[in-house]
Amino acid sequence: MKTFLDCVPCFVGQALGAARFVTDDESIHEEVLRKVMSNASKMDLSLSPPKIGQEIHRLIRQITGNKDPYRDIKEHSNQLALGVYSKLKERIEDSSDPFETAVRIAIAGNIIDFAKMNDLDDAKIHQAIEDSFTVALSKSAVNDFRNAIDKSKNILYIGDNAGEIVFDRLLLEQLSCEKITFVVRGGPVINDATMDDARTAGLAELVEVIDNGSDVPGTIVETCSEQFRKRFNSADLIISKGQGNYETLS
């Protein structure tokens, strides 16, 4: 698992990237960097990177006056994914194992993460999708996952990023949607998916969607809403996507 020191370059890159998305004013870029680095020097290094990221991105939004600096990036990611949705759905339906193919595509969608890759472009996303069809994937792990889903009556699916959730939709369409609740963030942070993104991706028409009441780029259960905590504690299977969710839930 990543430590605070591992994440320092990432936090600095995110701070500068977010500021550039909002404005071309280099004085604001400098102010964001200085304040982020100053605040980071005072933070508890035992905190998880997503918790530290929450504080840093709150500061970025405060300085820039923009409540959602990654909004345009998220919308572009959603539209890119929706643009290939129909073709991917056909490939799933035509495959010998639609469930496994949908799992592969859902995994590929995890590349759409601007917290890790500020230079992510459309070509890399398309390449990740193509690679997903041929990369080695444990058959036993896929079957264990399939069996766990079949046996479960109440599934909580915790999403990660905008755009990526369109690929999650392709997997959800292979499942019994009536037993699934999909979770998004409670407020904008980096390019993590919110309720608006879930509506754009078509998830709200497919499954019940709730937000977790938090703007952490992960899932710190004790800081989430009571509604989310009840769903989390009552679920008999939790599917969680992304590094931030992994770092906080583990």
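Located above this text is the structure these notes cover.
Residues numbered from 1 in each chain as written. Predicted model: local features only at pLDDT ≥ 70, side-chain atom pairs only at ≥ 80, totals over all residues. Heavy atoms only, no water.

(A) Representation of the pattern of salt bridges within the structure. Under the defined criterion, the tally for this structure stands at 22 salt bridges. Across the pair glutamate 226 and lysine 230 runs a salt bridge, and its minimum N-O distance is 3.5 Å. Of this pair, glutamate 226 and lysine 230 both sit in helix H10 (residues 226-234), four residues apart, roughly one helical turn. Residue class for glutamate 226 comes out partly exposed when judged on its relative accessible area of 48%. Take lysine 230: its relative accessible area is 53%, and that puts it in the exposed class. (Salt bridge = Lys/Arg side-chain N within 4 Å of Asp/Glu carboxyl O. Helix = DSSP H or I, 4+ residues; strand = E, 2+ residues; numbered from the N terminus. Buried < 20%, exposed > 50% of the residue type's maximum accessible area, 1.4 Å probe, protein only.)

(B) Quick peek at the environment of serine 140. Checked against the element boundaries, serine 140 lands in helix H7 (residues 139-151). On a C-alpha basis, the gap between serine 140 and alanine 18 in space is 41 Å, while along the polypeptide they are 122 residues apart.

(C) Local environment of the nonpolar core. Grouped together as the largest cluster of nonpolar side chains are 37 residues, with contacts concentrated most on Tyr157, Phe167, Leu172, Phe182, Leu203 and Val209. Those residues in contact with tyrosine 157, other than ones at most four positions away along the chain, are Ala106, Asp168, Leu171, Leu172, Ile180, Thr181, Phe182, Val183, Ile239 and Lys241. Among the nonpolar cores identified, the runner-up in size contains 15 residues, and Leu33, Val36, Leu59 and Ile60 belong to it. (Core = buried A, V, L, I, M, F, W, Y, C linked by side-chain atoms within 4.5 Å. Contact = heavy atoms within 4.5 Å.)

(D) Region of the structure containing the packing of helix H4 (residues 71-94) against helix H5 (residues 98-108). Two elements in contact, H4 and H5, have axes separated by 7 Å at closest approach and are oriented at 145 degrees. The chirality of how H4 crosses H5 is right-handed. Contacts from Leu88, Arg91 and Ile92 of H4 reach H5 at Pro98, Thr101, Ala102 and Ile105. The residue inventory of the contact of H4 with H5, partitioned by class, reads five nonpolar, one polar and one charged. (Axes fitted to C-alpha atoms, helices over the stretch in contact; angles between N-to-C directions. Left-handed = near helix turned anticlockwise from the far one by under 90°. Nonpolar A, V, L, I, M, F, W, Y, C, P; charged D, E, K, R; others polar.)

(E) Summary view of the layout of surface pockets. Its volume calculated, the largest pocket comes out at about 280 Å³. Lining the largest pocket are 16 residues, with Asp68, Lys74, Pro188, Thr194 and Asp196 positioned closest to its centre. Secondary structure elements with two or more residues in the lining of the largest pocket: H4 and helix H9 (195-201). Among the elements that make up the lining of the largest pocket, the one with the highest residue count is H9 (four residues). Classifying every residue of the lining of the largest pocket by side-chain character gives two nonpolar, five polar and nine charged. Within this model, the second largest pocket holds a volume of roughly 160 Å³. What lines the second largest pocket is Val103, Ala106, Ile107, Asn110, Phe145, Tyr157, Leu171, Ile239, Ser240, Lys241 and Gly242. At three residues, H5 tops the list of elements feeding residues into the lining of the second largest pocket. Per-class residue counts for the lining of the second largest pocket are seven nonpolar, three polar and one charged. (1 Å grid on protein atoms, 1.4 Å probe; cavity = no way out; pocket = protein on both sides within 12 Å on 5 of 7 lines; lining within 4 Å. Points joined across faces, edges and corners; volume = space filled by probe spheres on them.)

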